[in-house]
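Residue strings, one per chain:
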Amino acid sequence: LIAVATAAALTIPSASGRLVDIVSNPVRKADLAWSAWAALSGLYLTFYVVRSIAFRLTNSFYARTMEDIVVAAFERVQDYSADWHANTFAGATVRKISRSMWGFDAVSDALILMLRPTALVLVGLSVTIALRWPSIGLFTAGLVASFVAFNIWATNRYIRG
């Protein structure tokens, strides 16, 4: 579903351009303008509806996964010795488990719902531009590749290192 929403997002600039071309043409044809507007509106609607459905479907998946994480974590905590329970503040343990759930949610959203569609849009726009203006498209693809490479390098050097 995310791929469908991304495809709709990639087509929106073309549909907008078509609408602008039709409206700015000296020979005005209302039927063409309305059909171009309907196509653009349909793309926006498709993008919004499909993306919303994808988020709602992944929410139930994430909720089940988080439930599994919490159940497994509390089962492990309950297996600890009585001395451990007597010497450990219970609120800190619950806080650690809660933070692991939040971390899972943040990473899942970032990777599945944000990073992949962003990468598809960057590649898709580079290809779209390259089909129309090859030299500019290659330049855009080079910028995208250098941006990604720099981010990977900076992450490895300053965040992980």
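The structure we're discussing is the one just above.
Not measured: the values here are computed from a predicted model.

1. Here we look at a nonpolar patch on the surface
- A surface patch of nonpolar side chains, about 600 Å² in accessible area, is lined by Leu1, Leu45, Tyr48, Val49, Ile53 and Leu57.
- With respect to the helices and strands, Leu57 occurs in helix α2 (residues 30-78).

2. Thoughts on the packing of α2 against helix α4 (residues 90-132)
- At their nearest, the axes of α2 and α4 sit 10 Å apart, and the two run at 150° to each other. Classified by the angle their axes make, α2 and α4 are roughly antiparallel. The crossing of α2 and α4 is right-handed. Where α2 abuts α4, its residues Arg51, Phe55, Thr58, Tyr62, Thr65, Met66, Ile69, Val70, Ala73, Phe74 and Val77 lie against Thr93, Val94, Ile97, Ser100, Met101, Phe104, Asp105, Ser108, Asp109, Ile112 and Leu113.
- When grouped by side-chain class, the residues that make up the contact of α2 with α4 number 14 nonpolar, 5 polar and 3 charged.

3. Points about the environment of Phe55
- Mapped onto the secondary structure, Phe55 falls in helix α2.
- With relative accessibility at 25%, the residue Phe55 sits in the partly exposed group.
- Between the C-alpha atom of Phe55 and that of Ser135, which follows or precedes it by 80 residues, the distance is 37 Å.

4. A closer look at the nonpolar core
- Ranked by size, the top nonpolar core spans 9 residues in total: Ala8, Ile12, Ala15, Leu19, Ile22, Ala33, Ala36, Leu40 and Leu43.
- Contributions of two or more residues to this core are made by α1 (2-24) and α2.
- In terms of residue count, α1 provides more of this core than any other element does, 5 residues in total.
- For Ala33, the contacting residues outside a window of four places in its chain are Leu19, Ile22 and Val23.
- With 5 residues, the next largest nonpolar core counts Ala54, Tyr62, Met66 and Leu113 among its residues.

5. A closer look at the packing of α1 against α4
- α4 packs onto α1 with a crossing angle of 40° between their chain directions and a minimal axis gap of 10 Å. Classified by the interaxial angle, the pair formed by α1 and α4 is oblique. For the crossing formed where α1 meets α4, the hand is right-handed. In this structure, α1 uses Ile2, Thr6 and Leu10 to contact α4, whose residues at the interface are Ile112, Leu113, Pro117, Leu120, Val121, Gly124 and Leu125.
- Residue composition of the contact of α1 with α4, grouped by class: 8 nonpolar, 2 polar and no charged.

Definitions and limits used
- Residues numbered from 1 in each chain as written.
- Predicted model: local features only at pLDDT ≥ 70, side-chain atom pairs only at ≥ 80, totals over all residues.
- Heavy atoms only, no water.
- Patch = residues over 30% accessible without salt bridge, like charges linked within 9 Å, V, L, I, M, F, W, Y side chains within 5 Å.
- Areas by Shrake-Rupley, 256 points an atom, 1.4 Å probe, with all protein chains shown as cover.
- Salt bridge = Lys/Arg side-chain N within 4 Å of Asp/Glu carboxyl O.
- Helix = DSSP H or I, 4+ residues; strand = E, 2+ residues; numbered from the N terminus.
- Axes fitted to C-alpha atoms, helices over the stretch in contact; angles between N-to-C directions.
- Parallel < 35°, antiparallel > 145°, perpendicular 65-115°, else oblique.
- Left-handed = near helix turned anticlockwise from the far one by under 90°.
- Contact = heavy atoms within 4.5 Å.
- Nonpolar A, V, L, I, M, F, W, Y, C, P; charged D, E, K, R; others polar.
- Buried < 20%, exposed > 50% of the residue type's maximum accessible area, 1.4 Å probe, protein only.
- Core = buried A, V, L, I, M, F, W, Y, C linked by side-chain atoms within 4.5 Å.

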